[in-house]
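Architecture at a glance
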Amino acid sequence: MLDVIDITKIFHRGTVNEKVALSNLSLHLDDGDFVTVIGGNGAGKSTLLNCIAGVFGVDEGSIVIGGKDVTNLPEHKRAAYVSRVFQDPMKGTAATMNIEDNLSLAALRGKRHTLAWKVGKKQSKQFADIVATLGLGLENRMGTKVGLLSGGQRQALTLLMATINKPNVLLLDEHTAALDPKTSAKVLELTEKITRENNQTTVMITHNMKDAVTYGNKLIMMSEGKIVFEANGEEKRNLTASDLLEKFKTIGDIVNYIEENK
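None of the values given here were measured: they were computed from a predicted structure. (Residues numbered from 1 in each chain as written. Predicted model: local features only at pLDDT ≥ 70, side-chain atom pairs only at ≥ 80, totals over all residues. Heavy atoms only, no water.)

For the coordinates displayed, the defined rule picks out six salt bridges. Note that D33 is salt-bridged to K218, the shortest N-O span being 4.0 Å. Of this pair, D33 sits in the loop between β2 (19-29) and β3 (34-39) while K218 sits in strand β9 (residues 218-223), and the two are 185 residues apart along the sequence. For the pair formed by D33 and K218, the shared burial category is buried. (Salt bridge = Lys/Arg side-chain N within 4 Å of Asp/Glu carboxyl O. Helix = DSSP H or I, 4+ residues; strand = E, 2+ residues; numbered from the N terminus. Buried < 20%, exposed > 50% of the residue type's maximum accessible area, 1.4 Å probe, protein only.)

If you walk across this open sheet you meet the four strands as β2-β1-β4-β5, and the pairing is antiparallel. The sheet is open, and its two edges are formed by β2 and β5 (68-69), each paired on a single side. One ladder, built from seven bridges, connects strand β1 (residues 2-11) with β2; its direction is antiparallel. Note on β2: the bridge partner recorded for V4 is L27. (Pairing = 2+ DSSP bridges.)

Now for the packing of aromatic side chains. Inspection of the entire model under this criterion finds one aromatic pair. Seen from their ring centres, F11 and F56 are 5.1 Å apart, and the 80 degrees between their planes marks the pair as edge-to-face. Of this pair, F11 sits in strand β1 while F56 sits in the loop between α1 (45-53) and β4 (60-65), and the two are 45 residues apart along the sequence. Assessed through its relative accessible area of 25%, F56 is described here as partly exposed. (Phe/Tyr/Trp six-rings, centres within 6.5 Å; stacked < 30°, edge-to-face > 60°.)

Our focus in this paragraph is helix α4 (residues 121-132). In this model, α4 (twelve residues) spans 17 Å end to end at C-alpha, consistent with the 16 Å of a helix rising 1.5 Å per residue. Residues F127, A128 and V131 constitute the buried set of α4. Buried residues of α4, viewed axially, fall in a sector of 100 degrees; they line one side. Those residues of α4 that are exposed and aimed more than 90 degrees away from the buried face are K122 and K125. (Expected span 1.5 Å × (residues − 1). Arc of directions from axis to C-beta.)

Let us now look at unusual backbone geometry. Leave glycine aside and you will find that most residues have negative phi; peptide bonds, for their part, are mostly trans. Despite not being glycine, K166 has its phi angle at roughly 50 degrees, a positive value. Examined against the element boundaries, K166 turns out to sit in the loop between α5 (151-163) and β7 (169-173). Phi at E174 takes a positive value of approximately 50 degrees, unusual for a residue other than glycine. Structurally, the position occupied by E174 is in the loop between β7 and α6 (181-198).

Okay, structure coming up:
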């Protein structure tokens, strides 16, 4: 489903500020794989997601999604293959539009469409049924402007919008970091439910070691633009948060991790 093949990304090449963000990095995910990504400050986690999403081009290597080489596709054309949920709950929705209209726009993501995107009665019922699966009662508030929702409600809705068309790859960029612990746990619970039911191939960045070992069937640790540790299947299930902290110590990134999570 996703093949990141020997990609390298260098910022400010040839200047005193040159930074190798990714160095010959490769990652393979099958259909339904859910990989959690951890690493210290500057490890290359967000750059990896940005390269997969098409925000940044790569200097070397290639990216293949669903068997299609998307390396040279710009971000707006890659939207047909990739959806993303950001850390900020405000980024994934239109605050001045209601829940129903936000879902309507999300359903058109990556597709050719005209300005006639308003919702009909049949689709309205379908959207309400989908929102009901969140278990937040929002199906009774479909006409409510999204800007009036709580951060957790909004992020849950953003997650639903990101997966409504069942994208090839879902990118979760620390999508619970801005939420309080209780709300974060709820959104992660919904994340697991939605990705499992959709058999959704997912890449999730997190700084929470417990979440990193709890969710997904794969885990990678990054440092200096490279994958320095990888765990799959049984090895992943047997990992603990303490194990990961020890790994941070061995690669010398424990200071960065502590600084990021103060």
